[in-house]
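Residue-level structural notes
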Amino acid sequence: MRYIPHTEADVAAMLSAIGLRSLDDLVAHIPQDLLRQATLDVPDGLGEADAARRLVELAGANRVSPELLCFAGAGAYPHFVPSVVDHVIQRSEFATAYTPYQPEVSQGTLQATFEFQTLVASLLGLEVANASLYDGSTATAEAVLMAKRLMPKAERVLVAASLPPQYRQVVRTYLEGLAGLECDEIPFAADGRVDRAALERMLEPAPAGVVVGYPNFFGIVEDLGAIAEMTHAAGAIPISVTAEALALGILRSPGGLGIDVAAAEGQSFGMPLSFGGPYLGLFATRERFVRSMPGRLVGETVDEQGRRGYVLTLATREQHIRRERATSNICTNQGLCALAATVFLALAGRRGLRELADHNARKARYALSRLREQAGAELLFPAPFFNEFAVRLPQARRRHERALERGVLAGVTLGDSFPELEDALLVCATEVHSVADMDRLAEALAA
Amino acid sequence: MRYIPHTEADVAAMLSAIGLRSLDDLVAHIPQDLLRQATLDVPDGLGEADAARRLVELAGANRVSPELLCFAGAGAYPHFVPSVVDHVIQRSEFATAYTPYQPEVSQGTLQATFEFQTLVASLLGLEVANASLYDGSTATAEAVLMAKRLMPKAERVLVAASLPPQYRQVVRTYLEGLAGLECDEIPFAADGRVDRAALERMLEPAPAGVVVGYPNFFGIVEDLGAIAEMTHAAGAIPISVTAEALALGILRSPGGLGIDVAAAEGQSFGMPLSFGGPYLGLFATRERFVRSMPGRLVGETVDEQGRRGYVLTLATREQHIRRERATSNICTNQGLCALAATVFLALAGRRGLRELADHNARKARYALSRLREQAGAELLFPAPFFNEFAVRLPQARRRHERALERGVLAGVTLGDSFPELEDALLVCATEVHSVADMDRLAEALAA
Amino acid sequence: MTDPRPPRGPGLDEPVLFERGSPGRRGYTLPPLAESERSAGSVAPELCRDDLEDFPELSEMEVLRHFLRLSQWNYSAATNFYPLGSCTMKYNPVLNEKVARLAGFADLHPLTPPGAAQGALELMAELEGLLAEVSGMDAVSLQPAAGAHGELAGIKIVRAHHVSQGRPRRNVLIPQSAHGTNPASSALCGYQVVPVASNDEGMIDPAAVARLADGETAAIMVTNPNTLGLFERDIARVAATVHEKGGFVYLDGANMNALLGVAKPGHMGADVLQFNLHKTFSTPHGGGGPGAGPVAVKQVLAPYLPVPRIVHGDGGFTLSEDAPKSIGRIRAFYGNFGMLVRAYAYMISLGGDGMKRATRMAILNANYLRKQLEGVLELAYDSPCLHECVFSDSTLERLGIETLDLAKRLLDHGFYAPTIYFPLIVSGAIMIEPTESETRETLDEFAAAVHAIVAEAREDPGRVKSAPHRTRVSRLDEVRAARRPRLRWRRAAPS
Amino acid sequence: MTDPRPPRGPGLDEPVLFERGSPGRRGYTLPPLAESERSAGSVAPELCRDDLEDFPELSEMEVLRHFLRLSQWNYSAATNFYPLGSCTMKYNPVLNEKVARLAGFADLHPLTPPGAAQGALELMAELEGLLAEVSGMDAVSLQPAAGAHGELAGIKIVRAHHVSQGRPRRNVLIPQSAHGTNPASSALCGYQVVPVASNDEGMIDPAAVARLADGETAAIMVTNPNTLGLFERDIARVAATVHEKGGFVYLDGANMNALLGVAKPGHMGADVLQFNLHKTFSTPHGGGGPGAGPVAVKQVLAPYLPVPRIVHGDGGFTLSEDAPKSIGRIRAFYGNFGMLVRAYAYMISLGGDGMKRATRMAILNANYLRKQLEGVLELAYDSPCLHECVFSDSTLERLGIETLDLAKRLLDHGFYAPTIYFPLIVSGAIMIEPTESETRETLDEFAAAVHAIVAEAREDPGRVKSAPHRTRVSRLDEVRAARRPRLRWRRAAPS
Ligand SMILES: Cc1ncc(COP(=O)(O)O)c(C=O)c1O
Ligand SMILES: Cc1ncc(COP(=O)(O)O)c(C=O)c1O
């Protein structure tokens with residue numbers, strides 16, 4: 001077997017060094033009945049070519065672009081990944097290292113993570129970002145738990161109904177069973193934004209935190225400043241959740257609008273769609289809250305000669321030191337995805353990221369105009385959006401299915417998560433879509 | 001432009017450092033009429049995504065496996081390339097280095113090339129191999145030129161008509177205009193092998209060298225030992241040419257059979273088909289001829305502390321030192337392909353390469369049996385072969401075309417290069433072909 | 001002029017990104033918009049941010065060069081022996097990387113209707129089956145993103161079942177040798193952690209479990225082989241005890257690399273376990289992740305698995321949310337799919353025969369290395385080990401050096417360090433897991449290095465205590481990092 | 001215990017392949033044959049070799065680790081400033097690597113009937129057109145495998161034309177500053193090389209050409225800009241002189257990176273030229289190759305281009321061998337196609353605007369760096385330079401060091417060395433080509449290093465003369481290598 005170097009001569013020599021006679025002796029202390037039942041009903045191994053062929057076959061049984069043009073977003077966005085990103089994350093030195101426990105031989109990972117934290121903090125407009133969490137949904141759940149740690153007396157947390165439904169469900173799963181933390185949903189108003197009047201009412205008694213999407217699940221840009229203000233006034237922690245982090249290339253930053261804890265999904269920064277993962281949970285907060293933060297942190301320090309270097313730090317928050325009193329149970333995070341995002345953001349750069357976001361916004365508006373003209377779609381909510389928007393059109397589900405036959409994944413049907421929106425689709429457009437692609441979308445959805 | 005770092009501020013500062021006012025000043029000394037006419041009628045540059053899309057489109061306009069099963073050989077063989085090969089040659093440190101002029105910071109390339117030379121010399125059964133030539137055909141031409149250097153008085157070279165036709169043509173092109181070196185063709189006998197009686201006659205007066213394929217173009221294993229003996233007896237240099245280097249994983253080595261200069265095409269060792277290149281010219285000879293050898297050589301030496309290290313050596317043979325008296329004009333060779341071959345051969349290893357060659361031989365024999373049974377093909381030449389063989393079947397050309405429509409590239413039509421063999425196909429089978437694939441080949445060629 | 005430290009990698013030094021570049025440079029350029037797109041409008045100015053403070057501006061090559069240089073400062077499993085105990089730093093096949101990047105996987109949107117994603121779903125279903133088979137469990141969910149996330153899912157499942165029986169119960173029993181994620185995950189599910197002492201063989205004491213287990217015991221979390229590399233001999237007895245009280249046995253499957261084809265958790269009484277695909281099944285660790293931590297359960301717990309579930313029906317594979325007892329969703333979409341592709345590629349490459357051999361060779365390597373080191377380091381426990389072995393610092397202490405010093409000096413020999421100071425029950429623990437990927441020669445070289453360092457400590461302990469000497473930076477001041485945290489780059493104040 | 005030299009890369013040392021491994025290991029495994037294949041038979045035993053002497057046997061990871069470690073011992077253009085004059089070590093885009101590996105290119109057999117290879121042929125036809133456009137030539141063949149191979153094809157073409165006019169003629173005029181491949185290629189075509197002296201501005205002396213050119217002059221080979229980085233001001237006059245005598249002007253296009261959008265060889269009187277795609281058009285040098293050296297000609301020479309030619313007809317693109325005057329085939333198949341894909345990707349990425357800018361920035365960088373170094377090194381010629389600049393060793397000599405010492409000491413600063421001792425007409429030449437890919441900051445750092453080394457030579461010349469000090473090995477004994485050549489590994493005799 002090409003992955004295992006042992007020759008029979010190696011085995012014999014090693015056994016004899018240990019003083020054993022057979023491989024079975026190595027496991028002789030394991031109960032016999034366990035050994036006996038441990039046969040594996042798994043076919044024999046394949047050579048590399050055959051294994052590759054099987055995977056090519058499975059990959060070929062999925063429909064992807066250009067055969068199936070993808071206008072679905074809803075938490076996972078089709079974006080272009082510059083080739084440099086993938087080249088860097090394929091470097092064996094990055095890909096096959098562990099968490100940098102020995103900093104002197106892990107400066108590559110550590111410095112890159114320090115750069116990642118800097119970029120994420122800047123993007124979210126907050127002082128400190130961690131080294132990543134699993135994804136946007138679990139980052140949201142961690143944000144809620146952190147709010148509870150900061151506000152231990154509060155017994156509720158308010159979560160916008162316009163958060164991505166899966167994110168809301170994950171928060172519920174995380175909270176289930178945690179004494180003294182209920183989860184209430186803030187309804188959305190007719191314009192798709194958080195119903196501020198309802199929120200006002202719900203802020204009494206003060207919850208631990210208020211969680212809103214930015215943009216929300218409908219692609220809509222919430223008035224985050226106003227919500228943060230109301231939340232602060234009630235003595236709670238305002239939390240923003242961004243499922244499409246590219247939005248923050250153009251929108252005002254959560255931190256700048258008064259948000260204290262920001263969670264986001266960073267998939268758009270250099271991760272392929274990959275059927276839902278691995279993605280990248282971004283998480284940032286204010287400096288004063290850093291010791292309540294979940295997840296790893298890299299910090300700058302010096303070596304014995306005074307040279308700059310980087311180490312894992314503030315580990316006393318973490319499970320391997322604090323065990324049941326840790327701020328989170330997370331250990332392995334999404335390190336290589338964080339590296340991909342760092343490379344992506346470095347390539348795009350200050351102006352490039354803004355421009356990319358601007359192109360997304362314009363393309364989405366162009367797509368909307370085509371859907372209006374050609375497919376008779378109407379914008380569902382009269383509110384500003386970024387690169388994704390909800391439209392109402394008759395027989396949305398049937399048309400969506402037909403578009404699929406025509407080679408277009410025409411967004412996602414909103415009725416699945418919001419029965420009241422059965423006739424609506426959520427559609428995104430990004431820099432990967434040409435004018436011709438968007439025209440095809442409109443045609444594919446036409447009556 | 002993402003490949004060019006200069007900002008307008010950079011340009012201004014640099015111009016002012018130089019003492020110029022504009023970019024045009026940099027080229028002001030170039031004749032005005034040249035400058036004026038130098039406009040480029042070339043479209044503006046593309047972003048990475050658009051460039052990639054264009055290339056994907058062009059790649060998509062070619063038919064390749066699995067859509068088109070490939071049984072064509074004739075100098076380029078479909079083999080599996082283990083993923084480690086490609087991973088290694090994509091390492092930027094290997095891919096973007098120059099010829100190792102500064103050995104202290106090029107030990108990676110140098111040691112790998114030293115390993116390559118060792119593997120190639122062993123494979124060809126000779127003492128020294130160079131660091132590569134362009135491909136099998138030019139290696140053949142260089143071998144002929146080397147024979148002439150070794151035998152300056154000889155005025156002819158004999159080249160087997162059963163060499164790959166393109167190789168013969170390249171030899172002719174190289175020899176054209178070189179005073180005192182004619183090229184005569186040795187016919188092949190009814191069994192497809194060199195006509196030894198004819199050769200015997202042609203060896204008088206003694207040519208510089210005798211060049212035979214091993215296996216020859218028809219896939220046939222020549223009796224190299226006998227030919228080498230006859231050639232030596234006539235006082236000429238016996239030269240072998242191997243277009244499918246994998247054959248040497250199982251066949252007796254040219255050097256072992258008395259060959260003094262061996263040229264080969266190494267594409268099978270880890271290079272994709274890539275429409276004909278880049279491939280890999282292998283070249284080896286006896287130690288005593290090393291100073292007449294073309295191409296770069298890496299040698300072992302020590303540094304000032306006595307540590308082992310590698311350098312380019314015996315450069316006095318080469319153009320940058322010897323100019324018009326060099327053994328060859330070659331400068332850039334096929335370095336990264338040589339690295340690919342080194343990785344490939346290391347992965348396969350001593351037993352693995354033999355096994356791989358054995359599988360090829362067996363598959364080819366299975367394929368032949370299927371073609372006999374199902375397509376009514378007959379073996380064209382009754383002689384031993386490796387993984388490629390010529391068959392006669394009625395209406396070969398029409399059946400070949402029809403097979404193409406059926407998704408099978410059923411070898412190559414021999415009539416193109418050998419009008420007398422109009423009804424014949426040259427077919428190869430390798431480890432990439434499953435039993436089912438070969439059965440499909442036979443079906444596709446059936447009447 | 002002296003040349004203090006070597007350039008590690010080709011760059012002498014590489015500043016942080018933010019100290020490179022120049023305004024106006026671009027590493028990623030977009031095609032111009034069509035006029036119709038441009039005129040379609042953008043986000044209203046009052047919603048737009050001013051600037052992306054600190055973001056660099058770099059050419060494509062500057063970015064590439066920066067990260068290539070950084071990469072060379074890492075040791076990694078591909079380039080160095082990386083004997084980090086409990087981490088299973090085995091070979092991460094290059095093929096896995098290639099197949100995970102096939103367009104049919106990489107470009108597949110997670111909300112593609114199942115009919116257009118049959119390949120992905122089939123792969124997942126097959127992988128579930130393979131994991132169930134090798135562990136002796138009945139049902140698997142691939143969703144958790146890492147081991148700890150799998151633990152969370154697993155304990156949530158246990159809790160959901162107890163709740164369905166009336167109440168969640170209060171405690172989870174956890175041996176002191178357990179990994180920190182075990183207590184942390186239990187706490188995150190609202191449980192009290194009840195520590196279980198190890199006996200003097202380094203194993204769970206069944207008597208202690210019998211004393212501690214009661215009607216409030218939701219589960220016991222057992223790592224088997226445990227973090228000392230020892231097979232928990234009394235696992236069946238412990239399981240029976242807990243089962244008797246109506247509790248469940250959670251098996252931390254991080255050490256499955258010792259069990260494939262040797263013993264199945266499902267036969268030991270385990271009710272629920274997580275896999276670490278980034279350990280046992282060769283997906284790369286990525287300098288910290290991503291991983292994948294599928295959770296497997298016995299039939300009784302299957303209804304509680306997270307949604308969605310993959311279902312195979314007449315029309316092929318579909319995703320079902322119809323699981324009223326489920327703990328719900330534990331992350332968006334279906335797991336770290338890209339990692340699942342890699343693990344699947346590994347499992348079919350290895351096959352049943354290969355897995356069995358891999359485990360045996362992993363055990364052989366650990367025992368062989370243990371033997372080579374027994375003379376020079378003190379074994380924490382001398383029971384027969386499986387895939388890893390743990391030494392204490394007692395020999396080192398006598399020489400006046402610490403575990404940390406040995407670890408740092410190993411770096412100078414070109415080896416990554418073992419896991420140190422874990423498990424907590426061993427003084428100055430040195431936890432070594434060679435995996436099956438390493439050759440005997442490498443193990444011999446590593447053993448020789450440990451011997452050399454111990455010898456050196458006798459002659460010149462200062463040299464060991466000040467190690468590493470040959471790495472890009474010398475020992476880093478971790479105390480300073482924690483006292484005055486600098487967690488992001490800041491532009492130096494203008495001077 | 002001292003630590004002499006740093007571990008460069010993660011391995012302290014890495015033996016040659018043949019000193020690793022163990023009999024029976026495998027890095028590449030094949031599936032078992034079907035019974036029908038096995039029983040089909042193999043090569044007859046008497047034709048089979050005994051053994052593959054010295055071949056190693058290694059696991060997949062051993063092979064990978066070996067080469068990863070070796071890789072880290074290289075400096076490269078991606079990781080280091082690599083100012084090798086005449087080599088145009090520009091950025092090699094990662095995208096090019098990716099697209100060259102698309103299955104539609106990589107898996108395409110060269111003898112696929114043209115109807116099934118239209119994408120490849122279209123790409124080649126377009127690339128021919130692009131090269132013709134940027135050079136002002138009329139027809140292009142993509143076949144030559146490298147620059148020298150292009151020269152060979154070009155001179156063969158010249159010869160074929162002369163032969164068609166009656167006789168091949170005897171001589172090729174070549175300036176002394178020319179690259180060694182020029183005389184070597186001419187000789188390989190059976191020509192005598194007639195050297196042309198450079199004038200005191202480093203340029204071809206038109207008067208000398210007028211003296212030397214006669215009815216035996218087959219061609220003059222001119223490099224423009226020449227190897228001093230200087231534009232041959234009198235190129236038109238020189239061309240006219242040679243044309244008058246019925247000779248041709250061969251332009252060595254290795255320095256095209258100085259000309260795109262600035263001046264076209266076709267307008268200077270060039271009749272034939274080769275491109276080095278691995279210089280101007282960004283295909284990677286690969287530690288020595290592969291390259292690609294397309295040859296371009298004016299209409300009068302087009303009939304002589306190598307076969308096959310790409311032809312565009314009604315049915316799409318085809319390959320034609322119908323060229324009775326052709327010099328014939330110069331290699332198997334159609335060129336280093338994979339390199340052509342990369343160059344094409346580069347050209348469409350850059351576009352006309354980008355090429356023009358690239359050239360100007362390459363010239364700007366060379367002039368800027370020249371300015372920074374003027375104070376410390378002596379310029380060989382002070383005419384305005386284009387894409388590279390050449391210094392002599394006169395300043396260094398006064399300090400008691402040589403060009404080689406400066407080169408070696410630069411390695412310690414993390415820079416590759418310039419081209420040295422070429423062109424031959426400059427004493428101890430130091431030939432620097434920064435290319436457009438490098439930033440001003442990098443040029444400044446490089447200049448600072450040169451300044452520092454020269455200052456160091458004043459203080460401590462021994463330190464410079466014994467450089468490099470920070471590389472994996474110190475100065476290597478090249479004399480020994482040549483005296484007692486060890487060109488392959490040999491198993492040490494049993495002792
Ligand atoms: C024994 C054990 N359990 C659980 C974990 C947690 O796994 P993960 O890091 O994937 O969350 C680890 C990881 O180190 C471990 O070693
Ligand atoms: C001026 C000049 N001409 C020709 C060549 C030969 O090109 P190649 O190495 O591709 O054969 C070179 C390469 O260094 C060169 O610099």
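The numbering scheme is per chain: residues are counted from 1 as the chain's sequence reads. Naming scheme: in the order in which they are written, chains are lettered from A and ligands are numbered from 1. Totals for whole chains, interfaces and linings use all residues, but because this is a predicted model, local features are given only for residues with pLDDT of at least 70 and pairs of side-chain atoms are given and counted only at 80 or more. Side-chain numbers come from the whole structure's heavy atoms, not from hydrogens or water.

Time to look at the overall build of chain A. Labels follow the DSSP assignment, with helices taken as runs of H or I lasting at least four residues and strands as runs of E lasting at least two, numbered in each case from the N terminus. Assigned secondary structure in chain A consists of 15 helices and 15 strands. Here the radius of gyration uses the C-alpha set of atoms, whereas the globule reference equals 2.2 Å times the residue count to the power 0.38. Radius of gyration (C-alpha) of chain A: 25 Å, near the 22 Å computed for a compact globule of 447 residues. Exposure classes here rest on a 1.4 Å probe applied to the protein chains alone. A residue is buried below 20% of its type maximum, exposed above 50%, and partly exposed in between. Among the 447 residues that make up chain A, the fraction classed as buried is 71%. Looking at chain A alone, contacts between residues at least 24 apart form 71% of all its contacts between residues at least 6 apart. Here, Shrake-Rupley sampling with a 1.4 Å probe gives the accessible areas, and only protein chains in the shown set may cover a residue. For chain A, the exposed surface amounts to about 13100 Å²; the carbon and sulfur share of it is 50%. Whether two residues are in contact is decided by their heavy atoms, any of which lying within 4.5 Å being enough.

Another point: the interface of chain C and chain A. The interface is formed by 198 residues belonging to chain C together with 191 residues belonging to chain A. At the boundary of chain C with chain A, total buried surface from both sides reaches about 16700 Å², with 63% on carbon and sulfur atoms. Here, a salt bridge means any side-chain nitrogen of Lys or Arg that lies within 4 Å of a carboxyl oxygen of Asp or Glu. Summed over the shared surface of chain C and chain A, the number is 15 salt bridges. The term polar contact refers here to a pair of N or O atoms within 3.5 Å; inside protein, the definition further demands a hydrogen-donor-capable atom paired with an acceptor-capable atom, and it admits residues adjacent in sequence only when both atoms are side-chain atoms. The interface formed by chain C and chain A includes 104 residue pairs in polar contact (both at pLDDT 80 or more). If you tally residues by element for the side of chain C that touches chain A, the top one is helix α12 (residues 337–374) of chain C, at 27 residues. Partitioned by chemical class, the residues of the side of chain C that touches chain A number 107 nonpolar, 49 polar and 42 charged. Accessible area that two parts lose when put together, with a 1.4 Å probe and added across both, is what the buried area reports. Lys, Arg, Asp and Glu make up the charged group, whereas Ala, Val, Leu, Ile, Met, Phe, Trp, Tyr, Cys and Pro make up the nonpolar group; the residues left over, Gly among them, are polar.

Across the boundary between the two partners, chain D contributes 18 residues, which contact 14 residues of chain A. Summed over both partners, the interface of chain D with chain A buries about 1300 Å², with 53% contributed by carbon and sulfur atoms. The largest per-residue losses of area from chain D upon contact with chain A belong to Thr29(D), Glu60(D) and Val94(D), which jointly make up 36% of the total buried on that side. Along the contact surface separating chain D from chain A lie two salt bridges. In this structure, Glu60(D) and Arg2(A) form a salt bridge, with 3.6 Å as the shortest nitrogen-oxygen distance. At the junction of chain D with chain A, the criterion picks out six residue pairs in polar contact (both at pLDDT 80 or more). Among the elements of the structure, α2 (60–71) and α3 (94–100) of chain D are those that each provide at least two residues to the side of chain D that touches chain A.

Let's shift gears to unusual backbone geometry. Pro215(A) follows Tyr214(A) through a cis peptide bond whose omega is -5 degrees. Mapped onto the fold, Pro215(A) is located in the loop between β5 (209–213) and α11 (224–233). The omega angle of the peptide bond from Phe422(C) to Pro423(C) is 0 degrees, so this bond is cis rather than trans. Among the secondary structure elements, Pro423(C) is positioned in the loop between β12 (419–420) and β13 (430–432).

Turning our attention to the sheet that holds strand β5 (residues 248–253) of chain C. Paired through their backbone hydrogen bonds, the strands of a sheet run either parallel or antiparallel. Residues and elements named next belong to chain C. Across the sheet, which stays open at both edges, the seven strands sit in the order β1-β7-β6-β5-β4-β2-β3 with mixed pairing between neighbours. In this open sheet, the two edge strands, each paired with only one partner strand, are β1 (139–141) and β3 (192–196). Strand-to-strand twist of the sheet, defined as the mean angle between neighbouring strand axes without regard to direction, takes the value 25 degrees. In terms of strand pairing, strand β2 (residues 171–175) meets β3 through five bridges, oriented parallel. Within the sheet, the bridge partner assigned to Leu173 lies in β3 and is Val194. Strands in contact with helix α7 (residues 181–188) are β2, β3, β4 (217–223) and β5; relative to β2, the strand with the most contacts, it is inclined by about 175 degrees. Two strands are counted as paired when DSSP detects at least two bridges linking them. What counts as an axis is a line fitted to C-alpha atoms, over the stretch in contact for a helix, and the angles between N-to-C directions run from 0 to 180 degrees.

The cutoff for a nearby residue is simple: one of its non-hydrogen atoms must lie within 4 Å of the molecule or strand. By nearness alone, 15 residues border ligand 1, and Thr332(A), Ser86(C), Asp252(C), His278(C) and Lys279(C) come closest of all. Looking at the residues close to ligand 1, they fall on chains A and C. Asn276(C) is positioned such that a nitrogen or oxygen atom in its side chain is 3.1 Å from an oxygen atom of ligand 1. Residue His278(C) places a side-chain N or O atom 2.6 Å away from an oxygen atom belonging to ligand 1. Protein contact buries 99% of the 390 Å² of open area that ligand 1 shows by itself. Those elements that place two or more of their residues in the shell around ligand 1 are α6 (147–164) and α11 (277–280) of chain C. A per-element tally of the shell around ligand 1 places α6(C) first, with three residues. The residue makeup of the shell around ligand 1, split by class, is five nonpolar, seven polar and three charged.

Right, let's talk about the site of ligand 2 for a bit. Neighbouring residues of ligand 2: 15 residues in total, closest Thr332(B), Ser86(D), Asp252(D), His278(D) and Lys279(D). Residues lining ligand 2 come from chains B and D. The separation between an oxygen atom of ligand 2 and a polar side-chain atom of Thr332(B) is 2.6 Å. Between ligand 2 and Lys279(D), the relevant distance is 2.7 Å, taken from an oxygen atom to a side-chain nitrogen or oxygen of the residue. When isolated, ligand 2 has an accessible area of 390 Å², and the protein chains bury 99% of it. Mapped by element, the contributors of at least two residues to the shell around ligand 2 are α6 (147–164) and α11 (277–280) of chain D. Per-element tally for the shell around ligand 2: the top contributor is α6(D), with three residues. Counted by class, the shell around ligand 2 contains five nonpolar, seven polar and three charged residues.

With that settled, the discussion passes to the environment of Gly209(A). Along the polypeptide, Gly209(A) turns up in strand β5. Contact partners of Gly209(A), with chain neighbours within four places excluded, come to Ala147(A), Arg156(A), Val157(A), Leu158(A), Ala236(A), Ile237(A) and Ile239(A).

Residue and element names in this part refer to chain C. Mapped onto the secondary structure, His413 falls in the loop between α14 (403–412) and β12. His413 sits in the buried class, given a relative accessible area of 19%. Counting along the chain gives 174 residues from His413 to Ala239, while the straight-line C-alpha distance between them is 44 Å.

A few words on helix α1 (residues 8–18) of chain B. Three or more residues of α1(B) are buried, namely Asp10(B), Val11(B), Met14(B), Leu15(B) and Ile18(B). An end-on view of α1(B) places all buried positions within 125 degrees of arc, on one side of the element. In α1(B), the exposed positions angled more than 90 degrees off the buried face are occupied by Glu8(B), Ala9(B) and Ser16(B). Tucked inside the fold, the buried residues of α1(B) contact α2 (23–26) of chain B together with α12 (337–374) and α15 (440–459) of chain D. With its phi angle positive at about 90 degrees, Gly19(B) sits one or two positions after the end of α1(B). Regarding the arc, it is the one traced by the directions from the helix axis to the C-beta atoms.

This paragraph deals with the packing of α6(D) against helix α7 (residues 181–188) of chain D. Residues and elements named next belong to chain D. The geometry of α6 relative to α7 is characterised by a closest axis approach of 9 Å and an angle of 45 degrees between their N-to-C directions. Classified by the angle between their axes, α6 and α7 sit oblique to one another. Like other packed secondary-structure pairs, α6 and α7 cross with a definite hand, here right-handed. Within the contact between the two elements, α6 uses Ala148, Glu151, Leu152, Ile155 and Lys156 and α7 uses Thr181, Asn182, Ser185, Ser186 and Leu188. The residue makeup of the contact of α6 with α7, split by class, is four nonpolar, four polar and two charged. Put simply, angles under 35 degrees are roughly parallel, angles over 145 are roughly antiparallel, angles from 65 to 115 are roughly perpendicular, and the rest are oblique. By definition, turning the near helix anticlockwise from the far helix through less than a right angle yields a left-handed crossing, and turning it clockwise yields a right-handed one.

Within the secondary structure, Arg49(D) is located in the loop between α1 (35–38) and α2. Polar side-chain contacts of Arg49(D) include one of 3.0 Å to the backbone oxygen of Ser122(B). One polar contact links the side chain of Arg49(D) to the main-chain carbonyl oxygen of Asp51(D), over a distance of 3.3 Å. Sequence-distant contacts of Arg49(D), defined by excluding residues within four places in its chain, comprise Ser122(B), Leu123(B), Leu248(B), Gly249(B), Ile250(B), Leu251(B), Arg252(B), Ser253(B) and Arg354(B).

Residues and elements named next belong to chain C. Reading across the sheet, the four strands line up as β10-β11-β13-β12 and stay open at both edges, with antiparallel pairing between neighbours. Every interior strand has two partners, whereas the edge strands, β10 (378–379) and β12, have only one. Each of β10, β11 (389–392) and β13 touches α12; the most contacted strand, β11, lies at about 20 degrees to it.

Moving on, we come to the pairing of strand β7 (residues 261–265) of chain A. Residues and elements named next belong to chain A. For β7, the buried fraction is high: five of the five residues fall into the buried class. Both strand β6 (residues 237–242) and β7 contribute to a ladder of four bridges, which runs parallel. Within β7, the position partnered with Thr242 by the bridge is Ala264.

A few words on α12(C). Residue and element names in this part refer to chain C. How far a helix is expected to stretch is found by multiplying one less than its residue total by 1.5 Å. A rise of 1.5 Å per residue sets the reference length of α12, with its 38 residues, at 56 Å; its end C-alpha atoms lie only 42 Å apart and thus fall more than 12% short of the reference. The sharpest bend along α12 reaches about 90 degrees and sits at Gly351. Counting buried residues in α12 gives 32 out of 38 residues, a clear majority hidden from the surface. The bend at a residue is defined as the angle formed between two axes, one fitted to the seven residues ending at that residue and one fitted to the seven starting there.

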